[in-house]
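# Observations on chain architecture
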Amino acid sequence: MIHTEATADDGTALNRALWDTRARVHGSTATDRFYDVESFVAGRETLRPLERELAGDVAGKDLLHLQCHFGMNTLSWARLGARVVGVDFSPVAVERARLLAERTGLPATFVEADTQRLPNSLAGRFDIVVATYGVLCWIGDLDAWMRGAAMALRPGGSLVLVDLHPAFQTVATLEPLVVDWPYGGGEPQRETVTGTYAEPGLSLPAQDAVEYPHSIGEIVTAAATAGLTVQHLGEHVTAEFDPRGILPQGQDGLYRLPFGDSHLPVLYSLRARAPYPPTS
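Residues numbered from 1 in each chain as written. Predicted model: local features only at pLDDT ≥ 70, side-chain atom pairs only at ≥ 80, totals over all residues. Heavy atoms only, no water.

## A few points about the sheet that holds strand β4 (residues 108–112)
Spatially, β4-β3-β2-β5-β6-β14-β11 is the arrangement adopted by the seven strands of the open sheet, whose pairing is mixed. Two strands close off the open sheet at either side, each with one partner strand: β4 and β11 (229–236). Each neighbouring strand pair of the sheet contributes to a mean axis angle of 15 degrees, computed without reference to strand direction. Sheet topology note: the β11/strand β14 (residues 267–273) ladder contains seven bridges and is antiparallel. Bridge pairing in β14 links Thr229 to Arg273. Along the sheet, helix α4 (residues 72–79) makes contact with β2 (62–66), β3 (83–88), β4 and β5 (126–132), crossing β3 at roughly 170 degrees. Sheet strands in contact with helix α6 (residues 142–152) are β2, β5 and β6 (153–164), and its direction is about 140 degrees off that of β6. (Pairing = 2+ DSSP bridges. Helix = DSSP H or I, 4+ residues; strand = E, 2+ residues; numbered from the N terminus. Axes fitted to C-alpha atoms, helices over the stretch in contact; angles between N-to-C directions. Contact = heavy atoms within 4.5 Å.)

Written out as structure tokens, the structure reads:
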């Protein structure tokens, strides 16, 4: 993986173009690793136990899904009874999400917006804000992202964040072990991308992208600075899927990141609560 210098301003436009491309192709091949649209329309569950446990019972609650892509997880929350709004900065993804909602008959609203600049119309409307898997590496302004999530919550509402662990993101390959990604710091890392995680065999036109490394400490600090109270922080050495296509699968079906005789975390999970207003 070759990184070249990038400025913070490079990221949004380049990444939107990349995700427009991905939104067009994801779910379009029989060998897509994550987005089997037809089975989803037929009722397949896409949410994983980790985020469901952290969110709790969502029936009858207002839920905002940040960086929702083309809506499969958002609509899965709707199947559990939540009133859902999905946000994504890709107009292609938002349009596909709306079409998918029509196909499934599930009620949902999809908003085109940068999650670092959420519209004021979302303020104070949600019991739960959710973001999962491949989220903060695309965010240059981590503080703005956390402020937006906090702004969208009602008093006592919860942010549920499940994402790839920063230690896992530093690793490019396991055999041989190559570590070529910073652990935190937030400095933009520019890369030329020719494929997609969902379909490794699919060749796409080369596009530049900008990603941002954030450490666990930086993420928790950003949540606290936004006024959220962290109630849970988990670091998970197993995953039910291989997010990046580099992990060995154990006999128990789970994926791990080997490190000597032990394992490094693959995922982390965070739940943080919005404060109640002070009582007089």
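## A short note on the nonpolar core
The biggest cluster of nonpolar side chains holds 41 residues, and the ones touching the most others in it are Leu63 and Trp77. For this core, the secondary structure elements donating two or more residues are α2 (37–41), α3 (49–55), α4, α5 (91–104), β5, β6 and β7 (171–174). Those residues in contact with Trp77 that lie beyond four places of it in its chain are Leu47, Glu51, Arg52, Ala55, Val58, Leu63, Ala82, Val84 and Val130. Judged by nonpolar contacts, the second largest core, of 32 residues, contains Leu66, Leu122, Phe126 and Val135. (Core = buried A, V, L, I, M, F, W, Y, C linked by side-chain atoms within 4.5 Å. Buried < 20%, exposed > 50% of the residue type's maximum accessible area, 1.4 Å probe, protein only.)

## Side note on unusual backbone geometry
Cis geometry marks the peptide bond from Glu175 to Pro176; its omega dihedral reads 0 degrees. Checked against the element boundaries, Pro176 lands in the loop between β7 and β8 (177–179). Unlike most non-glycine residues, Gln67 shows phi in positive territory, near 55 degrees. On the secondary structure map, Gln67 appears in the loop between β2 and α4. In this structure, Tyr133 is a non-glycine residue whose phi angle is positive, near 65 degrees. Looking at the secondary structure, you find Tyr133 in the loop between β5 and α6. On the basis of relative accessible area, Tyr133 is assigned to the buried category, the value being 19%.

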